[in-house]
Amino acid sequence: MIKRLNKYIVSKIMGIRLRPVVAVFLGGFAGLSLTSTILPTVISVVGFTDDFSARLDLAGFAVYAFMVWALGGWLCQRRASAQAGALILGLTGLLSAAVFAALAYGAAQEVLLICAAAGLAYGTFGGLLIAIALGDVKNVAAD
């Protein structure tokens, strides 16, 4: 019985597909990077507040960013198209950055627009990279 259990556990571990798992983690950590590095830097460059205060203001959104961007990373990997990946994670970045800036700073339109633009740019390049590097290769023709 123990041998059967061990075989079952090993078969489940060996059945894990690595590309989707890596895409989920890369997407999630990109979202974490957005809230901890990209948006605070953009906000401080605009001159709205200093970098440290911006990090504190956005710290509560890190978990949500991780979850939303992990889903976006998974979708990019599933599509396996550079254009679709850039579109998916670009829109994820645009929406999440705009929502986080609006929740943290209210109706400061300049901050909201510059954060949305930074999220769009960051997400577009991230989605492009995830889709190209980790996309499923379904129909590979042998030359």
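Attention here is on the structure that accompanies the text. This one's a predicted model, so the numbers in the text were calculated from it and none came from an experiment. (Residues numbered from 1 in each chain as written. Predicted model: local features only at pLDDT ≥ 70, side-chain atom pairs only at ≥ 80, totals over all residues. Heavy atoms only, no water.)

Along the polypeptide, Gly27 turns up in helix 2 (residues 18-46). Owing to a relative accessible area of 0%, Gly27 belongs among the buried residues under this scheme. Between the alpha carbons of Gly27 and Gly72 there is a distance of 6.5 Å; along the sequence they are 45 residues apart. Look past the residues within four positions of Gly27 in its chain and what remains in contact with it is Trp69, Ala70, Gly73 and Ile130. (Helix = DSSP H or I, 4+ residues; strand = E, 2+ residues; numbered from the N terminus. Buried < 20%, exposed > 50% of the residue type's maximum accessible area, 1.4 Å probe, protein only. Contact = heavy atoms within 4.5 Å.)

A few words now on the packing of aromatic side chains. Applying the stated criterion to the full structure yields five aromatic pairs. Their ring planes at 80° and their centres at 5.1 Å tell us that Phe48 and Tyr105 sit as a pair that is edge-to-face. Placement of Phe48 in the loop between helix 2 and helix 3 (51-58) and of Tyr105 in helix 5 (residues 82-105) is noted, with a sequence separation of 57 residues between them. A relative accessible area of 14% means that Tyr105 is categorised as buried. On the basis of an interplanar angle of 15° and a centroid distance of 5.1 Å, the ring pair of Phe61 and Phe100 is categorised as stacked. (Phe/Tyr/Trp six-rings, centres within 6.5 Å; stacked < 30°, edge-to-face > 60°.)

Working definition: two side chains of opposite charge can pair if their charged atoms are close together. The full count for this structure, using the stated rule, is one salt bridge. Residue Arg55 is joined to Asp51 by a salt bridge in which the shortest nitrogen-to-oxygen separation is 3.0 Å. With Arg55 and Asp51 both in helix 3 and four residues apart, the pair spans about one turn of that helix. For Arg55, a relative accessible area of 33% corresponds to the partly exposed category. For Asp51, a relative accessible area of 26% translates into the label partly exposed. (Salt bridge = Lys/Arg side-chain N within 4 Å of Asp/Glu carboxyl O.)

Here the focus is the nonpolar core. Core analysis: the largest hydrophobic core is formed by 21 residues, its most contacted members being Leu39, Ile43, Leu58, Val111, Cys115 and Ile130. Going through the elements one at a time, helix 2, helix 3, helix 4 (62-79), helix 5 and helix 6 (109-134) are the ones with two or more residues in this core. Once residues lying within four places of it in the same chain are set aside, the contact partners of Cys115 are Leu39, Val42, Ile43, Ala97 and Ala101. (Core = buried A, V, L, I, M, F, W, Y, C linked by side-chain atoms within 4.5 Å.)

With that settled, consider helix 5. Compared with an ideal rise of 1.5 Å per residue, which puts 24 residues at 34 Å, helix 5 spans 33 Å between its outermost C-alpha atoms and is within 8% of the ideal. Along helix 5, the residues classified as buried are Gly85, Ala86, Leu89, Gly90, Thr92, Gly93, Ser96, Ala97, Ala98, Phe100, Ala101 and Tyr105. Where the residues of helix 5 are buried, they touch helix 2, helix 3, helix 4 and helix 6. Gly106 sits one or two positions beyond helix 5 and adopts a positive phi of about 75°. (Expected span 1.5 Å × (residues − 1).)

Within the secondary structure, Thr92 is located in helix 5. If we skip the residues at most four places from it in the chain, Thr92 touches Val68 and Trp69.

Next up on the list: the packing of helix 3 against helix 5. Contact pair helix 3 / helix 5: the axes reach a minimum separation of 10 Å and the direction vectors enclose 100°. By the angle between their directions, the pair helix 3 and helix 5 is classed as roughly perpendicular. Mapping the contact onto sequence places Ser53, Ala54, Asp57 and Leu58 in helix 3 and Phe100, Ala104 and Tyr105 in helix 5. Taken together, the residues of the contact of helix 3 with helix 5 sort by class into five nonpolar, one polar and one charged. (Axes fitted to C-alpha atoms, helices over the stretch in contact; angles between N-to-C directions. Parallel < 35°, antiparallel > 145°, perpendicular 65-115°, else oblique. Nonpolar A, V, L, I, M, F, W, Y, C, P; charged D, E, K, R; others polar.)

Where helix 4 contacts helix 5, the axes come no closer than 8 Å and their chain directions differ by 170°. Judged by the inter-axis angle, helix 4 sits roughly antiparallel to helix 5. Once helix 4 is placed against helix 5, the crossing between them reads as right-handed. Residues Tyr64, Ala65, Val68, Trp69, Gly72, Gly73, Leu75, Cys76 and Arg79 of helix 4 pack against Ala84, Gly85, Ile88, Leu89, Thr92, Gly93, Ser96 and Phe100 of helix 5. (Left-handed = near helix turned anticlockwise from the far one by under 90°.)

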